[in-house]
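One-letter residues, chain by chain:
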Amino acid sequence: MNEPIGRASLPTGTVAFLFSDIEGSTRRWEAEPSAMAIALRRHDALVREAILAHRGCIFKTLGDGFCSAFDTAGDAVAAALAAQQAIGAEDFTAVGGLQLRMAIHAGSAHERDGDFFGPAVNRVARLLAIAHGGQVVLSGVAANLAGGAMPPQTSLRDLGEHRLKDLAEPERVYQLVAPGARADFPHLRSLEAFPTNLPRQASTFVGRDCDILEIKELLRKADLVTIVGTGGVGKTRTATHVAADLLDEYGDGVWYVELAPLSDRSLVASTVLSTLGVTQNAGQAASDVLLAHLKNRNMVLVLDNCEHVIAEAAHVVDAILRTCSRVKVLATSREALNVAGEHVYRLPSLRVPPAGEPLTAADAATYESIALFADRAAAADGRFRLTDENASIVADICRRLDGIALAIELAAPRVKVLAVGQLSQRLDERFRLLTGGTRSALPRQHTMRALIDWSYDLLAENEQAVFRRVAVFAGGFTLEAAVDVCADESIESWDVFDLLSALVDKSLVTAELHEARQRYVLLESMRQYARERLNSSGDAESRERRHASYFGALADRAYQEWDRAPKEDWLAGLEPELDNFRAALTWALDAGHDLAFGAALASAIYPVFIRLSLLAEGARWCEAALALGSPPPATQARLQYALSMLFNNSGAYRKALSAANRAVDAYRLTDDERGLTRALSQMAQLNAREERYSQALGYAQEALQHARAIGDNRLLAATLQRSATAFDPSQIERAREQFAQCVAIFRTLGNDGETSRALNWWAESEAAAGCFERAIAISREAMPLATPEIKLYLAGNIAAYALGLDDMEQAAPAARETLTLAVRLKHPLLLQCAISFVASIAYWRDDAALAARLLGFSDARFLASESRRGPTEQVPYDKVLDRLRTNFTPGELNALMDEGAAWSEERAVAEATSVS
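Residues numbered from 1 in each chain as written. Predicted model: local features only at pLDDT ≥ 70, side-chain atom pairs only at ≥ 80, totals over all residues. Heavy atoms only, no water.

Q: Go over the overall build of the protein, please, and point to the residues and values.
A: Regarding its fold elements, the protein presents 39 helices and 16 strands. For 916 residues, the compact-globule formula gives about 29 Å, and the C-alpha radius of gyration of the protein, at 32 Å, lands near that figure. Projected onto the principal axes, the alpha-carbon positions of the protein cover approximately 95 × 75 × 55 Å. Out of the 916 residues in the protein, the part that is buried amounts to 57%. Counted over contacts in the protein with a minimum sequence separation of 6, partners at least 24 positions apart contribute 72%. Accessible surface, the protein as shown: approximately 37800 Å² in total, 49% of it carbon and sulfur. The positive charge centre, built from 95 side chains, and the negative charge centre, built from 118, are 1 Å apart in the protein. (Helix = DSSP H or I, 4+ residues; strand = E, 2+ residues; numbered from the N terminus. Rg over C-alpha atoms; globule rule 2.2 N^0.38 Å. Buried < 20%, exposed > 50% of the residue type's maximum accessible area, 1.4 Å probe, protein only. Contact = heavy atoms within 4.5 Å. Areas by Shrake-Rupley, 256 points an atom, 1.4 Å probe, with all protein chains shown as cover. Lys, Arg positive; Asp, Glu negative; His and termini not counted. Charge placed at Lys NZ, Arg CZ, Asp CG, Glu CD.)

Q: Lay out the pairing of strand β12 (residues 299–304) with the relevant residues and their values.
A: In terms of burial, β12 is a largely internal element, 6 of the 6 residues being buried. Of the two faces of β12, the one lined by M299, L301 and L303 and the one lined by V300, V302 and D304 are each fully buried. Looking at chain direction, strand β11 (residues 254–258) and β12 are connected through 5 bridges and run parallel. Looking across to β12, one finds that E258 is bridged to D304. (Pairing = 2+ DSSP bridges.)

Q: So what's going on with the sheet that holds strand β10 (residues 224–228)? Which residues, and what values?
A: In space, the 5 strands of this open sheet follow the order β11-β12-β13-β10-β14, with parallel pairing throughout. Each edge of the open sheet is held by one strand with a lone partner, namely β11 and β14 (342–346). Across the sheet, the mean angle from the axis of one strand to that of its neighbour is 20 degrees, orientation sign disregarded. Bridge count for β10 against strand β13 (residues 327–333) is 5 bridges, and the pairing is parallel. Along β13, the bridge assignment pairs T226 with A331. Contacting β10, β11, β12 and β13, helix α7 (residues 235–245) runs over the sheet at an angle of about 160 degrees to β13. Contacting β11 and β12, helix α8 (residues 268–276) crosses the sheet at an angle of about 135 degrees to β11. (Axes fitted to C-alpha atoms, helices over the stretch in contact; angles between N-to-C directions.)

Q: Outline the side chain of T670, listing residues and values.
A: Note on placement: T670 falls in the loop between α26 (653–667) and α27 (673–689). Owing to a relative accessible area of 19%, T670 belongs among the buried residues under this scheme. Of note is the side chain of T670, whose polar atom sits 2.9 Å from the backbone oxygen of Y667. A distance of 3.2 Å separates a polar side-chain atom of T670 from the backbone nitrogen of D672. Beyond its immediate stretch of four places on either side in the chain, T670 contacts P633 and A634. (Polar contact = N/O pair within 3.5 Å; in protein donor to acceptor, adjacent residues only side chain to side chain.)

Q: Any details on the side chain of D453? Residues and values, ideally.
A: Tracing the backbone through its elements, the reader meets D453 in helix α16 (residues 444–457). On the basis of relative accessibility, which here comes to 11%, the residue D453 falls in the buried class. Side chain to side chain, D453 and Y529 meet in a polar contact 2.4 Å long.

Q: Any chance you could break down the packing of aromatic side chains for me, citing the residues and the numbers?
A: Taken as a whole and assessed by the stated rule, the structure comprises 19 aromatic pairs. Here F17 and F116 contribute two aromatic rings whose centre-to-centre distance is 5.1 Å and whose plane-to-plane angle is 85 degrees, an arrangement assigned as edge-to-face. One end of the pair, F17, is in strand β1 (residues 14–22); the other, F116, is in strand β6 (residues 115–117), and 99 residues separate them in sequence. The pair formed by F17 and F116 is uniform in burial state, with each residue classed as buried. Seen from their ring centres, Y456 and Y529 are 5.9 Å apart, and the 70 degrees between their planes marks the pair as edge-to-face. Of this pair, Y456 sits in helix α16 while Y529 is found in helix α20 (residues 524–537), placing the two residues 73 residues apart along the sequence. A single burial state applies to Y456 and to Y529, both of which are buried. (Phe/Tyr/Trp six-rings, centres within 6.5 Å; stacked < 30°, edge-to-face > 60°.)

Q: Describe the sheet that holds strand β3 (residues 65–70), with residues and values.
A: The mixed open sheet is built from 7 strands, whose spatial order is β2-β3-β1-β4-β7-β9-β8. Looking at strand neighbours, the two that pair on one side only are β2 (57–62) and β8 (155–162), the edges of this open sheet. Direction aside, the axes of adjacent strands within the sheet are offset by 25 degrees on average. Sheet topology note: the strand β7 (residues 136–139)/strand β9 (residues 171–177) ladder contains 3 bridges and is antiparallel.

Q: Account for helix α38 (residues 890–901), naming residues and giving values.
A: Under the 1.5 Å per step criterion, the end-to-end length of α38 is 16 Å for 12 residues, consistent within 8% with the ideal 16 Å. Packing partners of the buried residues in α38 comprise α36 (848–864) and α37 (871–887). (Expected span 1.5 Å × (residues − 1).)

Q: Can you explain the pattern of salt bridges? Please cite residues and give values.
A: Counting across every chain of the model gives 48 salt bridges. R564 is paired through a salt bridge with D563; the nearest N and O atoms lie 3.4 Å apart. Judged by its relative accessible area of 38%, R564 falls in the partly exposed class. Taking relative accessible area as the criterion, D563 reaches 4% and is therefore assigned buried. Salt bridges linked by common partners bring D563, R564, R674, R678 and D712 together as one network. (Salt bridge = Lys/Arg side-chain N within 4 Å of Asp/Glu carboxyl O.)

Q: So what about unusual backbone geometry? Which residues, and what values?
A: In this structure, R55 is a non-glycine residue whose phi angle is positive, near 65 degrees. With respect to the element layout, R55 can be found in the loop between α2 (33–53) and β2. Phi is positive for Q153, close to 65 degrees, though the residue is something other than glycine. Checked against the element boundaries, Q153 lands in the loop between α5 (140–146) and β8.

Q: Can you break down the packing of helix α33 (residues 788–804) against helix α35 (residues 828–844) residue by residue, with the values?
A: Running from amino to carboxyl end, α33 crosses α35 at an angle of 30 degrees, the nearest separation of the two axes being 10 Å. On the basis of their axis angle, the class for α33 and α35 is roughly parallel. Taken as a pair, α33 and α35 cross one another with a handedness that is left-handed. On the side of α33, the interface is formed by L792, Y793, G796, A799, A800 and L803, while α35 contributes L830, F837, S840 and I841. Among the residues forming the contact of α33 with α35, the class breakdown is 8 nonpolar, 2 polar and no charged. (Parallel < 35°, antiparallel > 145°, perpendicular 65-115°, else oblique. Left-handed = near helix turned anticlockwise from the far one by under 90°. Nonpolar A, V, L, I, M, F, W, Y, C, P; charged D, E, K, R; others polar.)

Q: Describe in detail a positive patch on the surface, supporting the description with residues and values.
A: Side chains of R654, R689, R692 and R868 sit close together on the surface and give a patch of like positive charge. Along the chain, R868 turns up in the loop between α36 and α37. When its relative accessible area of 51% is taken as the criterion, R868 is described as exposed. (Patch = residues over 30% accessible without salt bridge, like charges linked within 9 Å, V, L, I, M, F, W, Y side chains within 5 Å.)

Q: With reference to specific residues and values, describe the environment of S20.
A: Along the chain, S20 turns up in strand β1. Not counting chain neighbours up to four residues away, the residues in contact with S20 comprise V47, D64, G65, F66, L100, R101, M102 and L128.

Q: Break down the nonpolar core for me, citing the residues and quoting the values.
A: F467 and L500 are the most contacted members of the largest nonpolar core, which has 91 residues in total. For this core, the element with the highest residue contribution is helix α23 (residues 595–611), accounting for 10 residues. If near-sequence neighbours (up to four positions away) are discounted, F467 is found in contact with Y456, L459, L503, L508, L522, M526, Y529 and A530. (Core = buried A, V, L, I, M, F, W, Y, C linked by side-chain atoms within 4.5 Å.)

Printed below as a string of structure tokens:
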């Protein structure tokens, strides 16, 4: 039991909490232990005095931190100001100074044995974690309550909304500003300040403090920690909160990888790559690309829901641990991965009170399961309160649910229609029915199923049908998709929305709002349960076919738009459906339900794989469609053209040329003039890349004839763009004529993105002809029109062209911009090029040794990725390499380049950035 310091009783009702600690105290203890002991005693006296002088109560101390409570937010602010002023006036130079950070939040909390519990206490702790030494921050609630009670000459500075590490809704944060006190600090250490994709949670996270501490400690000792437990126990929420706590410890961030939607276990490595924004080129094994990317990174990967792909997940994790010494993996699964070095943490159910123990509301709220029930019940019905009268009944409900988090989350919203006594009775009746009266024999996983059974049986017949049918979706779905898949003669299409809304209200389906569009998601345990029900209903085959048909039609519409005039947000509506497209392809091709449909789908959806840089996966589906059956000529032609595009984008130019040739042959057997035109122009470009200019010109001329006959200006402009590359560099004037026509058409169509891309191609042709100054001018003309990705290419090309002219004044800023954009956009190929460009700048700055090391790093990365420099990048590379050979002997140069080859990406970027 804690003994509160400062007053006879703790504050009640809405309590203002003031938490504090010393920034960097561990480092000071290690450097000056004796002086720190003296300084800490003085710090404690000053902070304690400030809190007590303003009617505060100290209810807990943690190391050098104080946890105090006040009746009003104004008193908490005054105490914080007094403490900061006292610490600032004291001489702490013996330990390099002390920087006190403080946070204030207000809310209701439960008190037990002299300590406070509840979300308000957790929130102020999270708020403290984002502050800096010398800074006092307040939550929006505390700032509003402090209002007119602020100390004289002080004010509050609005720091905007910030996501705290509890992953809940953003908090508006304010900073206390006072005369003579430091006012400017770095950005708060909120989630926005760290590289991460941790998902925002729509509900508060309750409890698990001890579990989180233990898991964090395990992860500091081991490279792999797997959180195991029954479905619904809370593995995902716990893992994401552990991850949030680790953000400031890993320079390359904490990344959340959702594996639940995967129907194909071979996509585990590809899914991790996609999450990290890393491109996998056709012909490259996803695991090899992943290991190369992670080798020298310092990060945490959270692999969620491994159970259904556990063999492949274990294989991928084992490879990561063997190769990437600075990567930690936090996995969740219903069973261990069984990988060497794995530490398994079996997540228990939330704590429940012993049976028969009389409970007050305050005592009950200290048990995690009851606190969760109370929170979710109040969210569902604002009238609900945990009271002395209902505390024991709620405790009984939580015991019957074995403290399983998801079970509690499903039961609590029922307080809208059932009193807690009725709710407990219904649960009791249901469990007795399921277990034959043997409550003690009920395994926890059966308890979870019993609760879902119970919730399912409470649904109306049509609600049950929709719940079963939406199990065919992977990774979520829209209302339009649900209507198409679920409606039939028994359920009208206009009823589906109401039925889905009912399922959302009953916590069986989750609704997520993405800007102006709503999307629905099933928790994995719910999806599996619904899938079992669907399979046993005899309706599964029909719903799978309707699912495939819907996404096949969506892919076909998307392809038609892409082929003619895609809008700027073309990809936005398709990317969330990637897992549904995969599920439809798996059903059609891998499971063999409809090979012809699968081939058509693969041929229509390949632009999405290109836009998302999933080149290897897109090629795999197209090759599978061709290998498994004999699609009609039109589909074969499009599949071959798709392969050509996928291979071309990944640098496999000869494979791209071979596929384009087959596409032309197939298109000649169809009446698809548009497809034939694209394939012919692709042959023109690819033959020119291999310096077969006479063949290239033949294909270009035929492509242009078809394009002009079709009469589509956008297709004509795209054909002119490719065909213009077919000319030998000595015929640059002819190329210029076609590029000028191409750009003029794109400008007329008002398509800035395609205009900038065409100008970029034009500049490359100018450079190939040795006209570097003209190439630079054209690239600069394209810059204002370009998307960030095209700007990256343009900046790199400007750097290369300027280096070709030995114009370092233009080359240096362009090389720096290329480096910055390549890092920001996570583009490995352009990063390799940027490092190579900076090597030339370093040589020009009289640092030949650094130039050699940077070149060595670039060479090693090109070799590892099985890619090669294009002609534009090769010119400056050859120049600087020749110059380095005049500075060093072959042995010296090889040693320096080998040194650079061993650098991590972080080291190479840092060294390149240092070149001014």
